[in-house]
Amino acid sequence: MNLKDVLEGKGRHRVVTVSAKSSIADAIRTMHAEKVGSVMVPDAEGCPVGIFTERDVVRLYADGDRDFDKLAVEARMTCSLVVGRLSMSVDEALGLMTERRFRHLPVVEDDKLLGLVSIGDLVKVKLNETAQEALALRAYIAS
């Protein structure tokens, strides 16, 4: 299974975004309202230039930066994006996310943001695959 299949399975391709000029407080409110753990930050053409996550909020708070209404997302977003491609396998994406220690992977083709997968999305796929394999093995043994 690849990331194209995962995005199709999610059924929701809309990626939640905020402007780089948005305040951290606005980004937090957006994540809360949309029930997501991250927001993408696109440029004027829609190409992803950054990501802002719950982990970034925790780091800000721990560093003492607590004036979330005045601080812009662009000042604290992660700019060095690691992205996945539609053809990337679930195993490859999980390995990358585990090795690099992040939980949200933007899926990009031709500089266009197509979706976002979380480590939870990928674990769900792997659990379903494992359950199907177990059923097949039980059926094989029983026959």
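Anyway, here's the lowdown on the structure attached to this text. Computed from a prediction, not measured in an experiment: that's the story for all the values here.

Here's the deal with the overall build of the chain
Point 1. The helix and strand tally for the chain stands at six helices and four strands.
Point 2. Going from N to C terminus, the chain has its helices and strands arranged as α-α-β-β-α-α-α-β-β-α.
Point 3. Dimensions of the chain along its principal axes, counting C-alpha atoms only, are 65 × 35 × 25 Å.
Point 4. The buried share of the chain, taken over its 143 residues, is 35%.
Point 5. Averaging the positions of the 20 positive and the 22 negative side-chain charges in the chain gives two centres separated by 5 Å.

Some words on the packing of helix α1 (residues 3-10) against helix α6 (residues 119-142)
Point 1. Interhelical geometry of α1 versus α6 gives an angle of 95 degrees and a closest axis separation of 11 Å. Judged on the interaxial angle alone, α6 and α1 are roughly perpendicular. Across from L3, V6 and K10 in α1, the residues of α6 making contact are D121, L122 and V125.

Description of the pattern of salt bridges
Point 1. In total, this model carries 10 salt bridges according to the counting rule given.
Point 2. Two residues, K21 and E74, come together in a salt bridge whose shortest N-O distance is 3.0 Å. A residue pair is termed long-range when its members are at least 10 positions apart, and K21 in the loop between α1 and α2 (24-34) and E74 in helix α4 (residues 73-76) qualify at 53 residues.
Point 3. Relative accessible area serves as the criterion here: at 35%, E74 is assigned to the partly exposed category.
Point 4. Overlapping salt bridges bring together D26, R29 and D69 as one network.

Description of the packing of helix α5 (residues 90-100) against α6
Point 1. It is at 10 Å that the axes of α5 and α6 come closest, and there the two elements cross at 135 degrees. Viewed along their axes, α5 and α6 adopt a mutual orientation that is oblique. α6 is crossed by α5, and the crossing has left-handed handedness. Where α5 abuts α6, its residues V90, D91, A93, L94, M97 and T98 lie against I119, L122, V123, V125 and K126.

Things to note about the pairing of strand β1 (residues 38-42)
Point 1. Across the five residues that make up β1, a large majority, four, are buried.
Point 2. Where β1 hands over to strand β2 (residues 48-53), the hairpin turn is made up of five residues, of which G46 adopts a positive phi near 90 degrees.

The rules behind the values
- Residue indices begin from 1 for each chain and proceed along its sequence in written order.
- The predicted origin of the model limits local features to residues at a pLDDT of at least 70 and limits the giving and counting of side-chain atom pairs to 80 or more, whereas totals for whole chains, interfaces and linings rest on all residues.
- Each side-chain value is worked out from all heavy atoms of the structure, with water and hydrogens disregarded.
- The numbering of helices and of strands both runs from the N terminus, where a helix is a DSSP run of H or I of at least 4 residues and a strand a run of E of at least 2.
- Buried means the residue's accessible area, taken with a 1.4 Å probe over protein chains only, is under 20% of the maximum for its type, while exposed means over 50%, and partly exposed covers the values in between.
- Two residue types count as positive, namely Lys and Arg, and two as negative, namely Asp and Glu; His and chain ends fall outside the count.
- Positions of charges follow a simple convention, taking NZ of Lys, CZ of Arg, CG of Asp or CD of Glu.
- All axes are obtained by fitting lines to C-alpha atoms, using only the stretch in contact for helices, and the reported angles, taken between N-to-C directions, cover 0 to 180 degrees.
- When an angle is under 35 degrees it counts as roughly parallel; over 145 it counts as roughly antiparallel; between 65 and 115 it counts as roughly perpendicular; any other value is oblique.
- When checking whether two residues touch, look at their non-hydrogen atoms; a contact exists if any pair is within 4.5 Å.
- Throughout this description, the term salt bridge denotes a Lys or Arg side-chain nitrogen within 4 Å of a carboxyl oxygen of Asp or Glu.
- Take the far helix as your reference; a near helix turned counterclockwise from it by less than a right angle gives a left-handed crossing, and one turned clockwise gives a right-handed crossing.
- For two strands to be treated as a pair, DSSP must find no fewer than two bridges joining them.

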